[in-house]
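# Fold and geometry: a report
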Amino acid sequence: MAVQALQSSGVGLRRILAHFPEDLSLAFAYGSAVYRQAGPSAHQENPMLDLVFTVDDPVAWHEKNLKKNWSHYSFLKLLGPRIISLVQNNYGAGVYFNPLIMCDGKLIKYGVISTGTLIDDLLNWNNLYIAGRLQKPVKIVSMNENVVLRSALDKNLKSAVTTACLMLPESFSEEDLFIEIAGLSYSGDFRMVIGEEKAKVLNIVKPNVAHFRELYGNILQEDPQVVYKMQQGRLEIDKSPEGQFTQLMTLPRTLQQQINHIMDPPGRNRDVEEILLQVAQDPDCGDVVRLGVSSIVRPSSISQSTKGLFTADAQDMKVGIGHLAS
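Residues numbered from 1 in each chain as written. Predicted model: local features only at pLDDT ≥ 70, side-chain atom pairs only at ≥ 80, totals over all residues. Heavy atoms only, no water.

When two helices pack together, you describe them by how their axes are tilted relative to each other and by the distance separating the axes. Contact geometry of helix 12 (residues 253–263) with helix 13 (residues 272–280) gives a least axis separation of 9 Å together with a crossing angle of 75 degrees. When the axis of helix 12 is compared with that of helix 13, the two are roughly perpendicular. Packed against helix 12, whose contacting residues are Gln256, Ile259, Asn260 and Met263, the element helix 13 presents Val272, Ile275, Leu276, Gln278 and Val279 at the interface. Its residues assigned to classes, the contact of helix 12 with helix 13 shows six nonpolar, three polar and no charged. (Axes fitted to C-alpha atoms, helices over the stretch in contact; angles between N-to-C directions. Helix = DSSP H or I, 4+ residues; strand = E, 2+ residues; numbered from the N terminus. Parallel < 35°, antiparallel > 145°, perpendicular 65-115°, else oblique. Contact = heavy atoms within 4.5 Å. Nonpolar A, V, L, I, M, F, W, Y, C, P; charged D, E, K, R; others polar.)

Spatially, three strands are ordered 6-8-7 in an open sheet, and the strand pairing comes out antiparallel. Two strands close off the open sheet at either side, each with one partner strand: strand 6 (171–173) and strand 7 (226–229). Sheet twist, expressed as the average angle between the axes of neighbouring strands with direction ignored, equals 20 degrees. Direction of pairing for strand 6 relative to strand 8 (residues 234–237): antiparallel, over a ladder of three bridges. Within strand 8, the residue paired with Phe172 across the bridge is Leu235. (Pairing = 2+ DSSP bridges.)

Here we take up the environment of Val227. In this fold, Val227 is placed in strand 7. On the basis of relative accessible area, Val227 is assigned to the partly exposed category, the value being 43%. Sequence-distant contacts of Val227, defined by excluding residues within four places in its chain, comprise Arg234, Leu235 and Glu236. (Buried < 20%, exposed > 50% of the residue type's maximum accessible area, 1.4 Å probe, protein only.)

Turning our eyes to something else, we now look at the pattern of salt bridges. The final tally for this structure, using the stated rule, is nine salt bridges. For Glu180, the salt bridge is made with Arg290, and the minimal N-O distance between the two is 3.2 Å. Residue Glu180 is found in helix 7 (residues 174–183), and its partner Arg290 is found in helix 14 (residues 285–311); the two are separated by 110 residues along the sequence. Glu180 gets classed as buried once you look at its relative accessible area, which sits at 15%. For Arg290, a relative accessible area of 32% gives the class partly exposed. (Salt bridge = Lys/Arg side-chain N within 4 Å of Asp/Glu carboxyl O.)

Another aspect to go through is the nonpolar core. Nonpolar side chains in soluble globular proteins tend to end up buried together. Within the largest apolar cluster, 67 residues are counted, with the highest numbers of intra-cluster contacts made by Phe28, Ile130, Leu177, Tyr216, Leu248 and Ile259. It is helix 6 (residues 147–166) that provides the largest number of residues to this core, a total of nine residues. Among all residues touching Ile130, those that are not within four sequence positions of it are Phe28, Val52, Val95, Ile113, Leu118 and Asp121. Core analysis: the second largest hydrophobic core is formed by 26 residues, Ala27, Tyr35, Leu49 and Leu51 among them. (Core = buried A, V, L, I, M, F, W, Y, C linked by side-chain atoms within 4.5 Å.)

See the structure below:
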């Protein structure tokens, strides 16, 4: 399984995890505190550690976490675990973040997402928020034996390869592929224009090509649509209409629907397969796919950032601004 290569038994991460309720189906760490990045992040001392906890029962988990870590929550804690879970599940990208928490001497931010919501995003790319993070190297801190979740994690990686290949020319380098994959979850993200540096994707990939290779190597070797020349670090992909149609038909459901929406004028109401066949023969196939990805990411990035105004209290916002400026 491709995701197994990323498992970590880091003592520091497990010490942090011990401060939280158990009952996690998956816990992973990501970002510049875990994998070195180029650019300004490379010189940042003690960068904030980003974590995501996946839980089967958000209400029960938040109830336990409120007892252990009451101070982590914004004013929403006064409304109880059911309201917190409602905000988590029904707004933004289905994840609830507690930012700027000091834990075991480390500044952390942790998000909580239900197992069902994550599986749905991994398979269908409903918003590509957490699924997008899992397309890049992460440190798996804890994972149970949920077979459906493990299968969905692998499917998400395969979908990332297929989507990126559709946006690339017939021949390209490993680095080209990894840059496309890493950029999927930033495509259309408004933060890339007004908040994040535009070179962020390149800064993620450049120092971590080996980690991307570890994550995607087996998938590339087994993909019948790909010729993977590992020694040269080069790949070739079938760009014939037939080859592209095969790839388009395996894309996540929400991406197929977005492509259909882009290509089908109002009133035509053609089925998705007919639209994808048309796109497969279009010289601008890759651009259409890219637009489809952007149309998924853009609204979820805006709504999740808006939700952050309610899940972070005023003091968190002040500290966060200071942390970003330092």
